[in-house]
Amino acid sequence: MNPRERLRIAVQKSGRLSEPAFDLLDRCGLRFRRSRDGLFCFGEGEPIDLLLVRDDDIPGLIAQGVCELGIVGRNVLDEFSRGTDAGPELQAMRGLGFGHCRLAIAVPQERAYDGPASLAGLRLATSYPNLLRDWLRRHAVQADVVTLAGSVEIAPRLGTADAICDLVQSGATLLANQLREVDRVLDSEAVLVRAAQLPADGRADVVELLLRRIEGVTRVRGSRLLLLQAARDCVEAVIAALPGSPRPTVLQMDGQPGQVMLQALCPDELGWRQLEEIQRAGARELFVLPVERALA
Ligand code: PRT
Ligand code: ZN
């Protein structure tokens, strides 16, 4: 196969999204060999290679056709899309369930905040000028946007800004810098992004295959398969005791007309207390199994 007929995915080289992205691809059954310069990972089974880059470069690489897919924070994707004409060339396919954070407005602890209008006339430091300007425009607020590449959280203490707009996860960084979160610009997580136009060769099929696998992995992440037996007249009560209202499959048991076997995909852990409750509703022989992947 011509090397460029292989699908290329842009992944963050090292940072918060790298490990979970590799873990996701591993769960999708993809195995890679790293190039000496650490820039590429060559797929060993499927015709899929990885390009390892800074996260900020990922949307541009897809828009330029260097890669067909990428894994990047929605914050980076939306900032890129708002700042260029190339936005329509990218399509966010789905949230991947990791890299959760929010782009938030934070002000010094002692500053009053009564909604976006309180920011009028202030200097706001951020690494996301396009997203921030968009938000200010939507709230009809006039403020100065000061674009910084990093260390945004120290700008108010340095006197170079009055407030900030930055990514927040636990809130510890804001707290350490005597800032308080007052408003939210964007909720973000890692997303799978694709080029809106895929080349008319085998790569579109590989994208389909990968999407099905990612769907199969992310849909059941953290889920458990619960197997149990119950008397037929307890089935309603047992189903009512299942967490997350799954739609269980009820199976007849050979030679035991009054008994059924029930299997249900439950959305999370299933702790002892939940199991004991299901047992009290009439279930016995309960088994909880991890679920790795699903194919509809
Ligand atoms: O080198 P490269 O450019 O590739 O990496 P980077 O330093 O730009 O990005 P990186 O690895 O820090 O983050 C990659 C992506 O992870 C981001 O674009 C977000 O989509 C996502 N993400 C999730 C976060 C955070 N959580 C996060 N907490 N990105 C950054 N932070 C920073 C934030 O900027 C602030 O400094 O962590 C601090 C806040 O964290 P808390 O927990 O103290 O609130
Ligand atoms: Zn970056």
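Calculation criteria
Residues numbered from 1 in each chain as written. Chains lettered and ligands numbered in written order. Predicted model: local features only at pLDDT ≥ 70, side-chain atom pairs only at ≥ 80, totals over all residues. Heavy atoms only, no water. Salt bridge = Lys/Arg side-chain N within 4 Å of Asp/Glu carboxyl O. Helix = DSSP H or I, 4+ residues; strand = E, 2+ residues; numbered from the N terminus. Buried < 20%, exposed > 50% of the residue type's maximum accessible area, 1.4 Å probe, protein only. Donors = N, O, S within 2.8 Å, 3.2 Å for Na, K, Ca; no water. Tetrahedral: all angles 85-135°; square planar, octahedral: opposite > 155°, others 65-115°. Domains from an automatic or database assignment. Pairing = 2+ DSSP bridges. Axes fitted to C-alpha atoms, helices over the stretch in contact; angles between N-to-C directions. Near = heavy atom within 4 Å. Polar contact = N/O pair within 3.5 Å; in protein donor to acceptor, adjacent residues only side chain to side chain. Areas by Shrake-Rupley, 256 points an atom, 1.4 Å probe, with all protein chains shown as cover. Nonpolar A, V, L, I, M, F, W, Y, C, P; charged D, E, K, R; others polar. Contact = heavy atoms within 4.5 Å.

Under the counting rule described, the total for this entry stands at 17 salt bridges. One salt bridge in this structure joins Glu68 and Arg203, with 2.7 Å as the shortest N-O distance. Of the two residues, Glu68 sits in the loop between helix 2 (58–63) and strand 5 (69–73) while Arg203 sits in helix 7 (residues 203–219), which places them 135 residues apart along the sequence. A relative accessible area of 9% means that Arg203 is categorised as buried. The shortest N-O distance in the salt bridge between Arg184 and Asp187 comes to 2.9 Å.

Turning to the coordination of the zinc ion (ligand 2), a few remarks are in order. Donor atoms from the polypeptide that bind the zinc ion (ligand 2) are Asp55 (OD) and Asp56 (OD), placed at 2.1 Å. Metal-centred angles of 74 to 174° between the four donor atoms at the zinc ion (ligand 2) mark the site as irregular. The exposure class assigned to Asp56 is partly exposed, which follows from its relative accessible area of 44%.

Time to look at the domain arrangement of the protein. The assigned domain composition of the protein is domain 1 (3–95 + 191–218), domain 2 (101–188) and domain 3 (224–290). Measuring from the centre of the C-alpha atoms in domain 1 to the corresponding centre in domain 3 gives 40 Å.

What follows concerns the sheet that holds strand 5. With respect to topology, seven strands assemble into an open sheet ordered 2-3-4-1-5-12-6, the strand pairing being mixed. The open sheet terminates on both sides in strands that have one partner only, identified here as strand 2 (32–34) and strand 6 (90–95). In this sheet, neighbouring strand axes are inclined to one another by 25° on average, regardless of whether the strands run parallel or antiparallel. Where strand 5 meets strand 12 (residues 190–195), five bridges bridge the pair, whose relative direction is antiparallel. Across the sheet, the residue bridging to Gly70 is Val193, located in strand 12.

Our focus in this paragraph is the site of ligand 1. In the vicinity of ligand 1 there are 21 residues, among which Arg54, Asn75, Ser170, Gly171 and Thr173 approach most closely. The contact in question runs from an oxygen atom of ligand 1 to an N or O atom on the side chain of Gln12, over 2.8 Å. Gln169 is positioned with one of its backbone polar atoms (N or O) 2.8 Å from an oxygen atom of ligand 1. With the chains in place, 78% of the 840 Å² that ligand 1 exposes on its own is no longer accessible. Elements that contribute at least two residues to the shell around ligand 1 include exactly helix 3 (74–82), strand 10 (163–168) and helix 6 (172–176). The dominant element in the shell around ligand 1, judged by the number of residues it contributes, is strand 10, at three residues. When the residues that make up the shell around ligand 1 are grouped by side-chain class, the tally is six nonpolar, 10 polar and five charged. Viewed by domain, the shell around ligand 1 spans two of them, domain 1 (3–95 + 191–218) and domain 2 (101–188), each represented by three or more residues.

Time to look at the environment of Ile9. Structurally, Ile9 can be placed in strand 1 (residues 7–12). Once the C-alpha coordinates of Ile9 and Arg94 are considered, the two residues, 85 residues apart in sequence, prove to be 15 Å apart. Residues within four places of Ile9 in sequence aside, it is in contact with Leu25, Ile48, Asp49, Leu50, Leu51, Cys67, Leu69, Gly70 and Leu210.

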